[in-house]
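What follows is the residue order along each chain.
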Amino acid sequence: MNTRAEDGWNAGDTYETFMGRWSRPLAETFLDWLDAAHGGHWLDVGTGSGALAAAICARAAPASVMACDPSPSFIDAARRKLADPRVTFTVAGAGSLPRRDGGYDAAVSGLALNFFPDPSLAIVEQLDAVRPGGLVGAFVWDYARGMEFLRHFWDAAATVEPRAAEADEGLRFPICNPRRLESLFRSAGATRIRGAALSVPTVFSGFEDYWRPFLGGTGPAPSLVATLSEEQRAGLVSDLRRRLGAQGDGSIALRARAWAVVGYRSSATPR
Ligand SMILES: C[S@@+](CC[C@H](N)C(=O)[O-])C[C@H]1O[C@@H](n2cnc3c(N)ncnc32)[C@H](O)[C@@H]1O
């Protein structure tokens, strides 16, 4: 369920070209769906290269954002990318979240919940970190089906390397499912839970634009590619070219779906 050493969460800049370019529009879509009150104090858990923190600044007019991640390399990259006086970046993660006197108004995570060591405990911890009535929200990729560019990757990778079946995020992260997410939030004690499917277009200018980011070594799929032989890589590329197809201009137009969930700390809960 959780992060493994081989997931390679240590290269903020490489992550940006692999996933950050898609997590940024998705984070904005999430904020629009959340429709939270402006002026709040936010906690972004697993900020990575800062996509969700940037979207909070762009869409929610926050009073402050505390953005944390256990990876110092990600925090460095995020600091370089987002210089906003309302945002503080800090090295910390689920299990030892930064706290705020009086609680945050909102504690959120983007594409990260499934990588936490214990997602249930992480939601309990986030509910505890917000004020009574505060919100806790998350979105995760629909790895099993709707995250198309990774789905094609894992299906193709399984044809050249048996270990791919075990690393396939669609199997590895059963929590990335709307019913499971809502049940996780319910068990943690959240109230007024609602969920949604959010999706963004992922359009690649050509096969190179799709494939090159897989060579960066950051995240489960690129980490698997880093272990493949030349022969396996060639087989994978050829299978992917066949699966992906291309438009007349060479571009590859896919979509990526995520599952979003939000719940609230009961107003009656004493701190
Ligand atoms: C797929 S990235 C998502 C990054 C960013 N939120 C985004 O939407 O692009 C997953 C992130 O979870 C972080 N992570 C892993 N274990 C964590 C933990 N225990 N607590 C908080 N973040 C964690 C990783 O370092 C990585 O930055």
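Above this note sits the structure.
First, a word on what this report is: a plain description of the structure on this page.

Cut-offs used in this document
Residues numbered from 1 in each chain as written. Predicted model: local features only at pLDDT ≥ 70, side-chain atom pairs only at ≥ 80, totals over all residues. Heavy atoms only, no water. Pairing = 2+ DSSP bridges. Helix = DSSP H or I, 4+ residues; strand = E, 2+ residues; numbered from the N terminus. Axes fitted to C-alpha atoms, helices over the stretch in contact; angles between N-to-C directions. Contact = heavy atoms within 4.5 Å. Core = buried A, V, L, I, M, F, W, Y, C linked by side-chain atoms within 4.5 Å. Buried < 20%, exposed > 50% of the residue type's maximum accessible area, 1.4 Å probe, protein only. Near = heavy atom within 4 Å. Polar contact = N/O pair within 3.5 Å; in protein donor to acceptor, adjacent residues only side chain to side chain. Areas by Shrake-Rupley, 256 points an atom, 1.4 Å probe, with all protein chains shown as cover. Nonpolar A, V, L, I, M, F, W, Y, C, P; charged D, E, K, R; others polar. Expected span 1.5 Å × (residues − 1). Disulfide = S-S within 2.5 Å. 1 Å grid on protein atoms, 1.4 Å probe; cavity = no way out; pocket = protein on both sides within 12 Å on 5 of 7 lines; lining within 4 Å. Points joined across faces, edges and corners; volume = space filled by probe spheres on them. Salt bridge = Lys/Arg side-chain N within 4 Å of Asp/Glu carboxyl O.

1. Section: the sheet that holds strand β1 (residues 41-45)
- On the basis of which strands lie adjacent, the open sheet formed by seven strands has the order β3-β2-β1-β4-β5-β7-β6 and mixed pairing. Each of the sheet's edge strands pairs with one partner strand only, and the pair in question is β3 (87-91) and β6 (191-204). Averaged over all pairs of adjacent strands, the angle between strand axes in this sheet comes to 20°, irrespective of strand direction.
- When β1 meets strand β2 (residues 64-69), the two strands line up parallel, connected through five bridges. Paired with Val45 across the strands is Cys68, a residue of β2.
- With respect to the sheet, helix α3 (residues 72-81) is in contact with β2 and β3, its orientation differing from that of β3 by roughly 160°.

2. Let's talk about the nonpolar core
- Grouped together as the largest cluster of nonpolar side chains are 96 residues, with contacts concentrated most on Trp141, Phe149, Phe153 and Tyr210.
- Here this core gets 10 residues from one element, more than from any other, and that element is helix α1 (residues 12-34).
- Aside from chain neighbours lying at most four places away, what touches Phe149 is Phe18, Met19, Trp22, Thr202, Phe204, Tyr210, Phe214 and Leu254.

3. A closer look at the site of the ligand
- Near the ligand lie 19 residues; those nearest to it are Tyr15, Ser23, Gly46, Asp69 and Gly110.
- Taking Tyr15, its side chain carries an N or O atom lying 2.6 Å from an oxygen atom of the ligand.
- Here a nitrogen atom of the ligand and a backbone polar atom of Ala94 are 2.8 Å apart.
- Burial of the ligand by the protein chains amounts to 95% of its free accessible area of 600 Å².
- When its residues are assigned to classes, the shell around the ligand shows 11 nonpolar, seven polar and one charged.

4. Focus on helix α11 (residues 230-244)
- Under the 1.5 Å per step criterion, the end-to-end length of α11 is 21 Å for 15 residues, consistent within 8% with the ideal 21 Å.
- Buried-residue contacts for α11 involve α5 (148-160), α9 (207-211), α10 (220-225) and β7 (252-264).

5. Looking at the state of the cysteines
- Scanning all chains against the criterion turns up zero disulfides.
- Sulfur of Cys57: no disulfide; nearest cysteine sulfur belongs to Cys68 and is 15 Å away.
- You can call Cys68 buried: its relative accessible area is 0%.

6. Side note on empty space enclosed by the protein
- Applying the stated criterion across every chain, the model contains two cavities of 30 Å³ or more.
- Reported here for the second largest cavity is a volume of approximately 30 Å³.
- As for the second largest cavity, its lining consists of Thr17, Phe18, Arg21, Trp22, Phe149, Phe204, Tyr210, Pro213 and Phe214.
- Per-class residue counts for the lining of the second largest cavity are seven nonpolar, one polar and one charged.

7. Re the pattern of salt bridges
- This model, assessed by the stated rule, comprises 14 salt bridges.
- Salt-bridge contacts for Arg21 lead to Asp209; the nearest nitrogen and oxygen are separated by 3.1 Å. Placement of Arg21 in helix α1 and of Asp209 in helix α9 is noted, with a sequence separation of 188 residues between them.
- Judged by its relative accessible area of 27%, Arg21 falls in the partly exposed class.
- Among the ionic contacts, a cluster of salt bridges with common partners joins Glu28, Asp32 and Arg59.

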